[in-house]
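What follows is the residue order along each chain.
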Amino acid sequence: MKIQLLYTLVAAILFLQLPACAQEKQEKKTNSYENLKPQKMKDMTDAEWRERLSPEEYRVLRQQGTERPGTSEYDQHWEAGVYLCKGCGTELFEATTKFDAHCGWPSFYDAVDKKNIKEELDLSHGMRRIEVKCANCDGHLGHVFPDGPKPTGLRYCINGVALNFKAKE
Ligand SMILES: [Zn+2]
């Protein structure tokens, strides 16, 4: 009885106290973001983001950068599955909503769930655009334009470097 209680306590402590870096190390090794606890991401420091992402991923996701068009492996990628945030693993776009907008960036006409993304007015570079961010980690994903196909009429123009892909099982 006592040992069992001890086990439970140790398990609980491990579960709660396991430092974030231990998990991140593991994630880095496997390059999988699926098991990340989403709530950790908000507390990540800039230094931790730099450590976690490649320079190009960091430039796009954390500094509102834009990848060169036509450079993403996901631009012309038509496998069945779901696209995840590269920063935190949140599911963002279903492959079924992906279409070829001929603009050089992966494009989707809808998000998996509106709760998973944030849309904010972006007046940078002398343009009036709607920025699309990951609702969980605040990572910059791209922009949404009102010239997409039916049924939404929207075009989520997303940097492929900000995405991960999970194939349908
Ligand atoms: Zn994210």
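Residues numbered from 1 in each chain as written. Predicted model: local features only at pLDDT ≥ 70, side-chain atom pairs only at ≥ 80, totals over all residues. Heavy atoms only, no water.

## Overview of the sheet that holds strand β9 (residues 163-167)
Taken in spatial order, the three strands make up an open sheet running β2-β1-β9, and their pairing is antiparallel. Across the chains shown, the open sheet's two edge strands, defined by having one partner strand only, are β2 (91-94) and β9. The average angle at which neighbouring strand axes cross in this sheet is 30°, direction not considered. Alignment of strand β1 (residues 81-85) against β9, held across five bridges, turns out to be antiparallel. The residue bridging V82 from the neighbouring strand is K166, located in β9. (Pairing = 2+ DSSP bridges. Helix = DSSP H or I, 4+ residues; strand = E, 2+ residues; numbered from the N terminus. Axes fitted to C-alpha atoms, helices over the stretch in contact; angles between N-to-C directions.)

## A short note on the coordination of the zinc ion
Metal coordination angles have textbook ideals: 109.5 degrees for a tetrahedral set of four donors and 90 or 180 degrees for an octahedral set of six. In the first shell of the zinc ion, the protein supplies C85 (SG), C88 (SG), C134 (SG) and C137 (SG), at 2.3 Å from the metal. Coordination at the zinc ion is tetrahedral: its four donor atoms span angles of 102 to 115° at the metal. Positions of the donor residues of the zinc ion along the chain correspond to the pattern C-x2-C-x45-C-x2-C. Neither C85 nor C88 differs from the other in exposure class; each is buried. (Donors = N, O, S within 2.8 Å, 3.2 Å for Na, K, Ca; no water. Tetrahedral: all angles 85-135°; square planar, octahedral: opposite > 155°, others 65-115°. Buried < 20%, exposed > 50% of the residue type's maximum accessible area, 1.4 Å probe, protein only.)

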